[in-house]
Protein chains: 2
Amino acid sequence: MGELKLQMNMDEYLPLRDVVFNTLRQGILTGELKPGERLMEIHLADRLGVSRTPIREAIRMLELEGLVTMIPRRGAEVARISRQDIRDVLEVRLVLDSLATKLACERITEDQKEELRSAAAGFESATGSGDVTLIAQADVRFHDVILAASHNRRLIQMVNNLAERIYRYRLEYIKDSANYQRLIEEHSKIMDCVINGDEGSACIAAEIHIVNQEKVMLNM
Amino acid sequence: MGELKLQMNMDEYLPLRDVVFNTLRQGILTGELKPGERLMEIHLADRLGVSRTPIREAIRMLELEGLVTMIPRRGAEVARISRQDIRDVLEVRLVLDSLATKLACERITEDQKEELRSAAAGFESATGSGDVTLIAQADVRFHDVILAASHNRRLIQMVNNLAERIYRYRLEYIKDSANYQRLIEEHSKIMDCVINGDEGSACIAAEIHIVNQEKVMLNM
DNA sequence: ACTTTGTTTTTTGTATACACTTGAAAAAAA
DNA sequence: TTTTTTTCAAGTGTATACAAAAAACAAAGT
């Protein structure tokens, strides 16, 4: 069993359960905790230097988030993701991203338009750096701006949740530099449509963006 | 403070946290626990005859489900639902129900077609009974069949979660017998399209169904 | 060698104790 | 009477103890 490098960020003044939640979440998203790996309360408690109580509560939260699976009287394990799961997620994401883009066309503020331009430029320059983490962050930021511009909290929450579940696979996608040029163009197209309020084209561009992603991710 | 009639169903052999979760969930959905009402751990523990631990875990789960709101160092309260929340939820539901209906057209099995006919008939006869609970159940069943026919687990889970959040308001909608005839016709239309695999018309019918609901619900 | 049974260990499920915050009430001062 | 301070009660946050279940392992019988 490999030693986990889980390290809690105690800076923030949050309930321990939230700190643990964020820590475990991060561990799962980065792949430090692998699918199928058991999450044993005592071990985690020892490693993170807290008692079992906050660990348990954090695990309950991760369960609802879909990142861990509970087996009664056996404990929790990091959720395994099947090909079918990815298909299901992307199928839903297609329409939700499309909706977000459409709503963004109607509701985006001037500030957000500026933010969007900045995010698109940031992504393009990030691809130049070759730093995968940086690129992933820039990509997330671009999508976050559009989501925020939809001004629909429920939608934002749901899309973020979906994105989280397939984050690891999306990372693989981001790693492949063969996709960069296309991604940049797709972002650019989406941005133009949203800024000009061209709903129809914006939706189509957003859908193409997801479909391309789907094609690559399902071949991994 | 009114006496709650919360009663746990101990028949099932489940972890207490799940029993508590279901109990509180039911209480919130039926309106027995009202929006804004504080959920105090000790009181609930006493009332339900368990310790604080399962109560806390159940509350963490309800929080992620969106049914309760946590205020740090103050505890939990039943989530308040704003007009904007309802708008947001219905905006998302529109596209998700539309997607579910489209997928159902492609993937529905023969057994499910039969089930769908039965559910539609059941709803029509339920409206005759005048029993609101019965009608609501029949309505849920109809939608569940279509959801199941989408064969997309993530979608099923998400739509159910959305539906849950506005259940109380939907109930009000169901109460008004002025809507029955229209509901029956809408169901019938959706059913026909799904069974015949007519995706385009099915989506439109599903969307009309939600839009009508939205109109009424936002006027309450 | 193989199955079955008994025992031990590990791990979860639940209860409870204690510390710390916060809000409110009561008491004292202006 | 009003304001401020103090005290106290109520409630959450966290740790820990104990019980019960499941899994792993060993031993005995076939």
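Note: the structure precedes this text.
Predicted model, so just to flag it, every value in this text is computed and none were measured. (Residues numbered from 1 in each chain as written. Chains lettered and ligands numbered in written order. Predicted model: local features only at pLDDT ≥ 70, side-chain atom pairs only at ≥ 80, totals over all residues. Heavy atoms only, no water.)

**Q** Mind laying out the pattern of salt bridges, listing which residues take part and the relevant values?
**A** Residues and elements named next belong to chain B. Taken as a whole and assessed by the stated rule, the structure comprises 31 salt bridges over all chains. For the salt bridge of Glu-41 with Arg-56, the shortest nitrogen-to-oxygen distance reads 2.8 Å. With Glu-41 in helix H2 (residues 41–48) and Arg-56 in helix H3 (residues 52–65), this pair connects stretches of sequence that are 15 residues apart. (Salt bridge = Lys/Arg side-chain N within 4 Å of Asp/Glu carboxyl O. Helix = DSSP H or I, 4+ residues; strand = E, 2+ residues; numbered from the N terminus.)

**Q** Give a detailed account of empty space enclosed by the protein, specifying residues and quantitative values.
**A** Summed over all chains, the structure comprises 2 cavities of 30 Å³ or more. One number sums up the size of the largest cavity: a volume of about 100 Å³. Of all elements in the fold, only helix H4 (83–107), helix H6 (132–150) and helix H10 (199–217) of chain B reach the threshold of two or more residues within the lining of the largest cavity. Among the elements that take part in the lining of the largest cavity, H4(B) stands out by supplying 4 residues, more than any other. The calculated volume of the second largest cavity comes to roughly 80 Å³. If you trace the second largest cavity, you find it lined by A:Asp97, A:Ala100, A:Thr101, A:His143, A:Ile146, A:Leu147, A:Ile190, A:Ala206 and A:His209. At the level of elements, helix H4 (83–107), helix H6 (132–149) and helix H10 (199–217) of chain A are the ones that each hand at least two residues to the lining of the second largest cavity. Split by residue class, the lining of the second largest cavity holds 5 nonpolar, 3 polar and 1 charged. (1 Å grid on protein atoms, 1.4 Å probe; cavity = no way out; pocket = protein on both sides within 12 Å on 5 of 7 lines; lining within 4 Å. Points joined across faces, edges and corners; volume = space filled by probe spheres on them. Nonpolar A, V, L, I, M, F, W, Y, C, P; charged D, E, K, R; others polar.)

**Q** So what about the sheet that holds strand S3 (residues 75–78) of chain A? Which residues, and what values?
**A** Residues and elements named next belong to chain A. Read from one edge to the other, the open sheet built from 3 strands follows the order S1-S3-S2, with strand pairing classed as antiparallel. Only two strands of the sheet have a single neighbouring strand rather than two, namely strand S1 (38–39) and strand S2 (68–71). Across 2 bridges, the pairing between S1 and S3 is antiparallel. Across the sheet, residue Leu-39 finds its bridge partner in S3, namely Ala-76. (Pairing = 2+ DSSP bridges.)

**Q** Account for the sheet that holds strand S2 (residues 68–71) of chain B, with residues named and values stated.
**A** One open sheet holds the 3 strands; their spatial order is S1-S3-S2 (chain B), and the pairing between them is antiparallel. A single partner strand is all that each edge strand has here, and the edge strands are strand S1 (38–39) and S2 of chain B.

**Q** Just give me the short version of the relation of the copies chain A and chain B, but keep the residues and values in it.
**A** It takes a turn of 180 degrees to lay chain A on chain B, together with a shift of 0.1 Å along the axis; the resulting RMSD is 0.1 Å. The transformation just described matches what one would write down for a two-fold rotation axis. Mapped onto chain B, 100% of the interface residues of chain A are again interface residues, and the two copies thus contact each other with one and the same surface. (Least-squares fit on C-alpha atoms with pLDDT ≥ 70 in both. Contact = heavy atoms within 4.5 Å.)

**Q** Describe the packing of H4(A) against H4(B), naming the residues involved and giving the relevant values.
**A** It is at 11 Å that the axes of H4(A) and H4(B) come closest, and there the two elements cross at 140 degrees. Here H4(B) runs oblique to H4(A), going by the angle between their axes. When the axes of H4(A) and H4(B) are compared, the crossing they make is right-handed. Contact residues: A:Arg87, A:Glu91, A:Val92, A:Val95, A:Leu96, A:Leu99, A:Leu103 and A:Arg107 in H4(A); B:Arg87, B:Glu91, B:Val92, B:Val95, B:Leu96, B:Leu99, B:Leu103 and B:Arg107 in H4(B). Partitioning the contact of H4(A) with H4(B) into residue classes produces 10 nonpolar, no polar and 6 charged. (Axes fitted to C-alpha atoms, helices over the stretch in contact; angles between N-to-C directions. Parallel < 35°, antiparallel > 145°, perpendicular 65-115°, else oblique. Left-handed = near helix turned anticlockwise from the far one by under 90°.)

**Q** Residues and numbers for the protein's contact with DNA strand C, please.
**A** Residues in contact with DNA strand C amount to 19 residues; listed here are only the nearest, A:Met40, A:Arg52, B:Leu16, B:Ser51 and B:Thr53. Protein-proximal atoms of DNA strand C, defined as those within 4 Å of the protein, fall in sugar or phosphate at a share of 64%. Side-chain polar atom of A:Arg56 to a phosphate oxygen of DNA strand C: 3.4 Å apart, as the coordinates give it. One of the side-chain nitrogen or oxygen atoms of B:Arg17 is found 3.2 Å away from a phosphate oxygen of DNA strand C. Counting only elements with at least two residues in the surface near DNA strand C, the list comes to helix H2 (41–48) and helix H3 (52–65) of chain A together with helix H1 (16–30) and H3 of chain B. Across the surface near DNA strand C, the residue classes tally to 7 nonpolar, 4 polar and 8 charged. (Near = heavy atom within 4 Å. Polar contact = N/O pair within 3.5 Å; in protein donor to acceptor, adjacent residues only side chain to side chain.)

**Q** Got a sec to walk through the side chain of B:Arg17? Specific residues and values, please.
**A** Examined against the element boundaries, B:Arg17 turns out to sit in helix H1. Not counting chain neighbours up to four residues away, the residues in contact with B:Arg17 comprise A:Arg56, A:Arg60, A:Met70, B:Pro54, B:Glu57, B:Ala58 and B:Met61.

**Q** Which residues make up the nonpolar core, and what values go with them?
**A** The biggest cluster of nonpolar side chains holds 55 residues, and the ones touching the most others in it are A:Val92, A:Leu96, A:Leu155, B:Val92, B:Leu96 and B:Leu155. If near-sequence neighbours (up to four positions away) are discounted, A:Leu96 is found in contact with A:Leu155, A:Met158, A:Val159, A:Leu162, B:Val92, B:Val95, B:Leu96 and B:Met158. (Core = buried A, V, L, I, M, F, W, Y, C linked by side-chain atoms within 4.5 Å. Buried < 20%, exposed > 50% of the residue type's maximum accessible area, 1.4 Å probe, protein only.)

**Q** With reference to specific residues and values, describe the protein's contact with DNA strand D.
**A** Of all residues adjacent to DNA strand D, which total 20 residues, the nearest are A:Leu16, A:Ser51, A:Thr53, B:Met40 and B:Arg52. Sugar and phosphate atoms form 69% of the subset of DNA strand D atoms that lie within 4 Å of the protein. In the model, a phosphate oxygen of DNA strand D is placed 2.7 Å from a nitrogen or oxygen of the A:Ser51 main chain. Only helix H1 (16–30) and H3 of chain A together with H2 and H3 of chain B provide two or more residues apiece to the surface near DNA strand D.

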